[in-house]
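Each chain, letter by letter, is given below.
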Amino acid sequence: DIQMTQSPSTLSASVGDRVTITCRASQSISSWLAWYQQIPGQAPKLLIYQASSLESGVPPRFSGSGSGTEFTLTISSLRPQDAAVYYCQQYSSYSLLTFGGGTKVEIK
Amino acid sequence: QLQLQESGPGLVEPSETLSLTCTVSGGSISSKSYYWGWVRQSPGRGLEWIGTMCYSERTDYNPSLKTRVTISGDTSKNQFSLKLTFVTAADTAVYYCVRADSGDSGGFFNYWGQGTLVTVS
């Protein structure tokens, strides 16, 4: 199995802050990484795929970077509506897709 | 606009079979361009991929669930289904049906159903 580890598990930031979430893979996954946002009571929503490609309709304050085993999701200027849980997911093989444990972003 | 809608019992007894259906509108499950599948979410285990199918091409299952899971499609109704046998309380979760692009660069889920809570008790 490819294990995905996210950090931190929770972060608290102020509106306007730059926020960075890290996702580490237990082995190289090239750039086969996606990021999702889950607002309480809703299904996850795709933000980023292939590590850095922004899904259509997602605000440009969201960006992704990384390759191999280390990846980051950055929110350039935090908005109140960004309070959510963020998950990474690797898809280096269709036969075993795995998610990270999630990072909860709270607004101070 | 593609829409996915889960349906099925919200309560299943231990050792029984969990059966869910996903009705697809705005797209065809017989398209070779997409994978159709299931992801579940429980408080203790986060998001867990259950399995995906590309109709008449391939089906992949999470190895941890493989002996108990079947995903299949019904093109006449444009639906696909999940069957999970011998359920226990650990299978209590919100179950989402999902779609991913197939091909070399696919595998991420760009469409999700609203989710349905299944309790094993």
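Everything numeric here is computed off the predicted structure, so don't read it as measured data.

I keep staring at the overall build of chain A and nothing clicks. Help me out?
In terms of regular secondary structure, chain A is built from zero helices and 11 strands. Reading chain A from its N terminus to its C terminus gives the helix and strand order β-β-β-β-β-β-β-β-β-β-β. Relative to the globule expectation of 13 Å for 108 residues, the C-alpha radius of gyration of chain A, 13 Å, shows essentially globular dimensions. Projected onto its principal axes, the C-alpha positions of chain A cover 40 × 25 × 25 Å. Counting every position in chain A, which comprises 108 residues, the buried fraction comes to 47%. Summarising the internal contacts of chain A: among those between residues at least 6 apart in sequence, 57% fall at separations of at least 24. For chain A, the computed accessible surface area is about 4700 Å², with 45% contributed by carbon and sulfur atoms. Measuring between centres, the 7 positive side-chain charges of chain A sit 7 Å from its 6 negative side-chain charges.

Looking at this model, I keep getting lost on the state of the cysteines. Mind explaining?
Disulfide: a covalent bond formed between the sulfur atoms of two cysteine residues. All names here are of chain B. One pass over the full model with this rule turns up two disulfides over all chains. Shown here is the disulfide that connects Cys 22 with Cys 97, its sulfur atoms set 2.2 Å apart. In this structure, the disulfide formed by Cys 22 and Cys 97 twists by about 60 degrees around the S-S bond and is classed as right-handed. Note that Cys 22 is positioned in strand β3 (residues 18-25) and Cys 97 in strand β9 (residues 93-101), a separation of 75 residues in sequence. Exposure class is identical for Cys 22 and Cys 97. Each is buried. No disulfide involves Cys 54; its nearest neighbouring cysteine sulfur is the one of Cys 22, lying 15 Å away. Relative accessible area serves as the criterion here: at 4%, Cys 54 is assigned to the buried category.

I'm lost on the interface of chain B and chain A in this one. Help?
Quite often, the size of an interface is put as the accessible area lost when its parts meet. Contacts between the two partners involve 24 residues from chain B, matched on the other side by 19 residues from chain A. Where chain B abuts chain A, roughly 1800 Å² becomes buried across the two surfaces, and 65% of that area is made up of carbon and sulfur atoms. When the area that chain B buries against chain A is broken down by residue, the three leading residues are Leu 47, Trp 49 and Phe 108 of chain B, summing to 33%. Here chain B and chain A share zero salt bridges between them. The interface formed by chain B and chain A includes five residue pairs in polar contact (both at pLDDT 80 or more).

I would appreciate a short explanation of the pairing of strand β5 (residues 45-49) of chain A in the present structure.
Looking down a regular strand, the side chains alternate between one sheet face and the other. Residue and element names in this part refer to chain A. Note that strand β4 (residues 33-38) and β5 share three bridges and pair antiparallel. When the sheet's bridge partners are listed, Trp 35 is paired in β5 with Ile 48. Hairpin connection of β4 to β5: six residues between the antiparallel strands, including Gly 41 at a positive phi of 85 degrees. When β5 meets strand β6 (residues 53-54), the two strands line up antiparallel, connected through two bridges. Among the inter-strand pairings, Tyr 49 is bridged to a residue of β6, identified as Ser 53.

Any chance you could explain the pattern of salt bridges here in plain terms?
Side chains bearing opposite charge may pair, as long as their charged atoms lie close to each other. Tallying each qualifying case throughout the model produces eight salt bridges over all chains. The structure contains a network of salt bridges with shared partners spanning Arg 40, Glu 48, Arg 68 and Asp 91 of chain B.

Explanation requested: the environment of Glu 57 of chain B in the structure shown.
Residue and element names in this part refer to chain B. Positionally, Glu 57 belongs in the loop between β5 (46-54) and β6 (58-61). With a relative accessible area of 55%, Glu 57 lands in the exposed category. As a C-alpha pair, Glu 57 and Ser 30 span 27 residues in sequence and 9.8 Å in three-dimensional space.

Mind showing me how you'd approach the packing of aromatic side chains here?
For any pair of aromatic rings, the description consists of the separation of the ring centres together with the inter-plane angle of the planes. Residues and elements named next belong to chain B. Applying the stated rule across the entire model yields 12 aromatic pairs over all chains. Note on Phe 109 and Trp 112: the rings are 5.9 Å apart at their centroids and 80 degrees apart in plane angle, and the pair reads as edge-to-face. You'll find Phe 109 and Trp 112 in the same group, each marked buried. Here Arg 99 stacks its cationic end above the ring of Tyr 34, 3.6 Å away from the centre of that ring.

Thresholds applied
- Residues numbered from 1 in each chain as written.
- Chains lettered and ligands numbered in written order.
- Predicted model: local features only at pLDDT ≥ 70, side-chain atom pairs only at ≥ 80, totals over all residues.
- Heavy atoms only, no water.
- Helix = DSSP H or I, 4+ residues; strand = E, 2+ residues; numbered from the N terminus.
- Rg over C-alpha atoms; globule rule 2.2 N^0.38 Å.
- Buried < 20%, exposed > 50% of the residue type's maximum accessible area, 1.4 Å probe, protein only.
- Contact = heavy atoms within 4.5 Å.
- Areas by Shrake-Rupley, 256 points an atom, 1.4 Å probe, with all protein chains shown as cover.
- Lys, Arg positive; Asp, Glu negative; His and termini not counted.
- Charge placed at Lys NZ, Arg CZ, Asp CG, Glu CD.
- Disulfide = S-S within 2.5 Å.
- Buried area = accessible area lost by both parts, 1.4 Å probe.
- Salt bridge = Lys/Arg side-chain N within 4 Å of Asp/Glu carboxyl O.
- Polar contact = N/O pair within 3.5 Å; in protein donor to acceptor, adjacent residues only side chain to side chain.
- Pairing = 2+ DSSP bridges.
- Phe/Tyr/Trp six-rings, centres within 6.5 Å; stacked < 30°, edge-to-face > 60°.
- Lys NZ or Arg CZ within 6 Å of the ring centre and 35° of its normal.

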